[in-house]
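# What the coordinates show
Below, each chain spelled out in residue letters.
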Amino acid sequence: MSDDDSMLLNFSTNYDAPGDSFKQATKVTGGRWKDRRRMKMKLDGKLGSRKRRADAGGDQTMKSEKEDRSSKKTHRDNANGSAVQERPNAIKGQNTQGRMLPADSQFVSSLFTSNREITTAVNTNIHDESVAINPSNAPLKSDLFASLGVSDVLVSHLEQKMRIQKPTSIQKQAIPQIMANAGKNDFFIHAQTGSGKTLSYLLPIISTVLNMETHVDRSSGAFALIVAPTRELASQIYQVCSTLISCCHYLVPCLLIGGERKKSEKARLRKGCNFIIGTPGRILDHLQNTKVIKEQLSQSLRYIVLDEGDKLMELGFDETISNIINIVHDIPINSEKFPKLPHKLVHMLCSATLTDGVNKLRNVALKDYKLISNGTKKDSDAVTVAPDQLLQRITIVPPKLRLVTLAATLNNITKDFVASDPQSKTLRTIVFVSCSDSVEFHYDAFSGSDGHHKNLTGDSVRLLTKGNTMFPCFSGSEDPNMVIYKLHGSLSQQARTSTLQHFARDNETTKGKHLIMFCTDVASRGLDLPQVGSVIELDPPFAVEDHLHRVGRTARAGEKGESLLFLLPGEEEKYMDYIQPYHPMGWELLQFDKEILMPAFKDVNVNRNDKFIRKDDKPSKNKDGDDKEYEWDTNATTWHLNIERRVVGDSTLKNLAVKGFISHVRAYATHISQEKKFFNVKFLHLGHLAKSFGLRERPKAMGLQSSKDGNSEKPAKENSKNKMFRMARMAEKQIASEFNY
Ligand SMILES: Nc1ncnc2c1ncn2[C@@H]1O[C@H](COP(=O)(O)OP(=O)(O)OP(=O)(O)O)[C@@H](O)[C@H]1O
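Since this is a predicted model, take the numbers as computed values, not measurements.

### Overview of the side chain of His127
Counting through the fold element by element, His127 comes out in the loop between strand S2 (106–108) and helix H5 (152–160). At 3.0 Å, the side chain of His127 forms a polar contact with the backbone oxygen of Met585. Those residues within four positions of His127 in sequence are excluded, and the remaining contacts are Ile133, Leu391, Met585, Gly586, Trp587 and Glu588.

Given below as structure tokens:
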């Protein structure tokens, strides 16, 4: 058990009612006694201004953190660079440095000071713009589906209705091999994200059924059982399958996923179907409890496909998959009815990455599989690289500045999009964060501002409306052209489905708009959403494979795409060396201040924006007056103060911020052990990180106490076995609630 676990065990989430923190702010705890005394004196107004000046620029809450790693300043101090002290209901937000503070004051640490130094000065994996790039997952130029053995009716349907003319490289390899296989081999289809793996198994299966030249209809039974880890992915495969076989009206697919009514699924199974697609739990449930499904499979089943099979195993579905496979293996195959189908069950696994899950599958289903692969990393036959045409970007951002840098990133993408006169186009951006609570916070922070929004689908899709000034590029006088979405596993199935459908749709509501979806990894695997221009990894992935899947939501099927990974200064910077082999085309290393914040916040005027503002209050002025060079960071600071004021004044948002922060830290502790050297909760500066959730201090209710903290009461000793089981149960619960199968 790692050290972070002992920290985690001390978490308490019994967060008090929002609004309590003002009282708490006057209580000085933690840190060295000297610091506490100085702080107490300050709050009592007993400390002279000379002393106060000496302290200004440091994060007061930070002092309670044992490690103050931030002795070196990476950014210059400016007018807003000093600690700002603000009363929660204060009228003015200006720096009150040098003035006596009332007892209910909160210390607001500045954004640009006391940040940990960024040590990476040189990009060691430069993206060379001058090199001409051929999209690595695009359709091939010369090959044809017909020459691969795909049935004629499917070929013309592909060309005319689906506008798919030429196969991709993995389709060229997989289709003939699967069709020629009479049941001798199992297959592992392993190719880059967005390279068309779904068609590479659906086309040979359907073609084999059509090429039998035997009469088939829905009563003939199911030929294939396709299992996917998320409901969204299962639904997507069902859609692709339905579109593909719409040229053969007598073939019928059936979708079995959790969250849907079992009764109607049973009714569909009773009517008969030829392709069953679903999530593992629901498929097993029907196999165990719905008699008719076994009848459906008894004569016809020849293919079991585990799409994103490694993820299925990784998520702990080993037992469910084993049970499904055991039940299916017990159904005898009758080759007489369909002699042209393989004489034994063919298992297929499909993924862009190979994790330990695949090895686990070897014992269950893939005993002797043939690897069909492309786009692999050098020196390895089983690790794919990111698509060549993907423009990867990385930025190293101090924790306090993460939220404002995210806002600036989204702002810059929107600004470019609007400048391109996108009347009939829709642009999509996906922002990945580590947990559902963090999605909820970011969704509300970016979409709930001052009432200028409209709910479009339940409460998970919001259109920003005229007057909204959330992003610096919004003047307030024009429509913002932005729709914000949230997606995570703790939403109802209905909300998940409608949100995703809305996000994927091109219609009057989405035309000319920038659609931004905050989500967890529930959207990282397999989802094929149109025109996703950018993927932002605000929180780094839990494993490098997740990184490849996340960035793979863009740059699909030969299209262009960009992704941006946020890292923290310090140990996380070394993560770049670790992922370098997966990015043979290099990346751009962006300076978060000059290349993200400055373009967003210069030449704009970000005003104070909260309901406590007095009519005669003037926007805070930079001490450097009209010096443009300095204005952008004043604006960035004002933007952040606006968010902080909203968090202070809006109990709902405050609740979301505290929960988001706590869950974020917990999630951080679940990075896989090989990657803990980059992502260890011990390295986090919690006071600074709290700022990225709009909080002015680390929530006290969190009860986070390191076991090394002498002040803390030690929890009762627990034997290691019980601790292990408890941690395992906790992790299992987290996964279940996240993915909600
Ligand atoms: N031969 C083709 N020509 C043009 N487009 C194609 C072709 N094959 C598939 N596509 C399109 O490419 C996109 C990606 O396909 P698909 O979702 O199957 O990729 P994938 O390899 O499964 O990706 P992931 O690993 O992310 O799941 C889809 O929009 C699909 O319609």
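### Quick notes on helix H6 (residues 169–180)
The α-helix winds at 3.6 residues per turn, so residues separated by three or four positions along the chain end up facing the same way. Taking 1.5 Å per residue as the helical rise, H6 with its 12 residues ought to reach 16 Å, and the 18 Å between its terminal C-alpha atoms agrees with that figure. When H6 is considered as a whole, its buried residues turn out to be Ile170, Gln171, Ala174, Ile175 and Ile178. Seen from one end, H6 has its buried residues packed into an arc of 110°, which puts them on one side. On its buried side, H6 packs onto strand S3 (186–190), helix H7 (197–211), strand S7 (303–307), strand S8 (346–351) and strand S9 (369–373).

### Here's the deal with the sheet that holds strand S16 (residues 532–537)
Taken together, nine strands build an open sheet; the order of strands is S12-S13-S14-S15-S11-S16-S17-S10-S18 and the sheet is mixed. On the outer flanks of this sheet lie strand S12 (453–457) and strand S18 (587–590), each paired with one strand and no other. Across the sheet, the axes of successive neighbouring strands diverge by a mean angle of 20°, strand direction being ignored. Where strand S14 (residues 482–487) and strand S15 (residues 514–519) come together, six bridges link them in parallel fashion.

### What to know about the packing of helix H16 (residues 436–447) against helix H22 (residues 651–668)
It is at 7 Å that the axes of H16 and H22 come closest, and there the two elements cross at 145°. Regarding H16 and H22, the two cross each other, and that crossing is left-handed. Facing Asp437, Ser438, Glu440, Phe441, Asp444 and Ala445 of H16, the residues of H22 in contact are Leu653, Leu656, Ala657, Lys659, Gly660 and Ser663. When grouped by side-chain class, the residues that make up the contact of H16 with H22 number five nonpolar, three polar and four charged.

### Structural notes on the pattern of salt bridges
Going through the model one piece at a time under the given rule, you end up with 21 salt bridges. Its salt-bridge partner being Lys486, residue Glu440 comes within 2.8 Å of it at the nearest N-O pair. Here the residue Glu440 occupies a position in helix H16, and Lys486 occupies one in strand S14, the gap between them amounting to 46 residues. Of the residues examined, Lys486 reaches a relative accessible area of 7% and is grouped as buried. Put simply, Glu308, Asp310 and Arg525 are held in one network by salt bridges that share partners.

### So, the confidence of the model for the protein
The share of residues in the protein with pLDDT of 70 or more is 74%, and the mean pLDDT across the chain is 80. This model gives residues 703–714 a pLDDT under 50, and the stretch forms 18 contacts once residues within four places in sequence are excluded. Below pLDDT 50 for its whole length, residues 735–741 participates in 29 contacts with residues either more than four positions away or in separate chains. Here the complex is predicted with pTM 0.81, and the ipTM for its interfaces comes to 0.99.

### Here we look at the pairing of S14
The element S14 is largely enclosed, with a buried count of six among its six residues. Taken together, the three bridges between strand S13 (residues 461–464) and S14 define a ladder with antiparallel strand orientation. Counterpart to Leu463 in the pairing with S14 is Val483. Between S14 and its parallel partner S15, the chain crosses via helix H17 (residues 493–504), and the hand of that crossover is right-handed.

### Remarks on the environment of Glu537
Within the secondary structure, Glu537 sits in strand S16. Apart from the residues lying within four places of it in its own chain, the contact partners of Glu537 are Phe432, His547, Arg550, Val551, Leu564, Leu565 and Phe566. A polar contact is formed between the side chain of Glu537 and the side chain of Arg550, at a distance of 3.1 Å.

### Here's the deal with H17
Compared with an ideal rise of 1.5 Å per residue, which puts 12 residues at 16 Å, H17 spans 16 Å between its outermost C-alpha atoms and is within 8% of the ideal. When H17 is considered as a whole, its buried residues turn out to be Gln493, Ala495, Arg496, Thr499, Leu500, His502 and Phe503.

### Things to note about unusual backbone geometry
The backbone of Gln531 shows a phi angle near 45°, a positive value even though the residue is not glycine. The phi angle at Ala557 is positive, at roughly 45°, despite the residue not being glycine. Locating Ala557 in the fold gives a position in the loop between helix H18 (544–551) and strand S17 (561–567). In this structure Ala557 comes out as partly exposed when scored by relative accessible area, which is 43%.

### Re the sheet that holds S8
Ordered by their spatial adjacency, seven strands build an open sheet running S5-S6-S4-S7-S8-S3-S9, and the pairing between neighbours is parallel. Each edge of the sheet is formed by a strand with only one pairing partner; in this case those strands are strand S5 (253–256) and S9. Going from strand to strand, the sheet's axes swing by 15° on average, the running direction of each strand aside. In this structure, strand S4 (residues 224–227) lies alongside S7, joined through four bridges in parallel fashion. In the sheet register, Val227 faces S7, and the bridge partner there is Leu306.

### Observations regarding the site of the ligand
The ligand sits among 21 residues. The nearest are Lys166, Lys197, Thr198, Asp528 and Arg556. Within the side chain of Gln171, one N or O atom sits 2.8 Å away from a nitrogen atom of the ligand. Between the ligand and Ser195 there is a distance of 3.1 Å, counted from an oxygen atom to a backbone nitrogen or oxygen. Burial of the ligand by the protein amounts to 85% of the accessible area it has alone, namely 640 Å². Here the shell around the ligand gathers at least three residues from each of two domains, domain 1 (145–373) and domain 2 (385–608 + 629–700 + 720–740).

About the criteria used
- Residues numbered from 1 in each chain as written.
- Predicted model: local features only at pLDDT ≥ 70, side-chain atom pairs only at ≥ 80, totals over all residues.
- Heavy atoms only, no water.
- Helix = DSSP H or I, 4+ residues; strand = E, 2+ residues; numbered from the N terminus.
- Polar contact = N/O pair within 3.5 Å; in protein donor to acceptor, adjacent residues only side chain to side chain.
- Contact = heavy atoms within 4.5 Å.
- Expected span 1.5 Å × (residues − 1).
- Buried < 20%, exposed > 50% of the residue type's maximum accessible area, 1.4 Å probe, protein only.
- Arc of directions from axis to C-beta.
- Pairing = 2+ DSSP bridges.
- Axes fitted to C-alpha atoms, helices over the stretch in contact; angles between N-to-C directions.
- Left-handed = near helix turned anticlockwise from the far one by under 90°.
- Nonpolar A, V, L, I, M, F, W, Y, C, P; charged D, E, K, R; others polar.
- Salt bridge = Lys/Arg side-chain N within 4 Å of Asp/Glu carboxyl O.
- pLDDT = per-residue confidence, 0-100.
- Right-handed = clockwise from strand over helix to strand, strands pointing away.
- Near = heavy atom within 4 Å.
- Areas by Shrake-Rupley, 256 points an atom, 1.4 Å probe, with all protein chains shown as cover.
- Domains from an automatic or database assignment.

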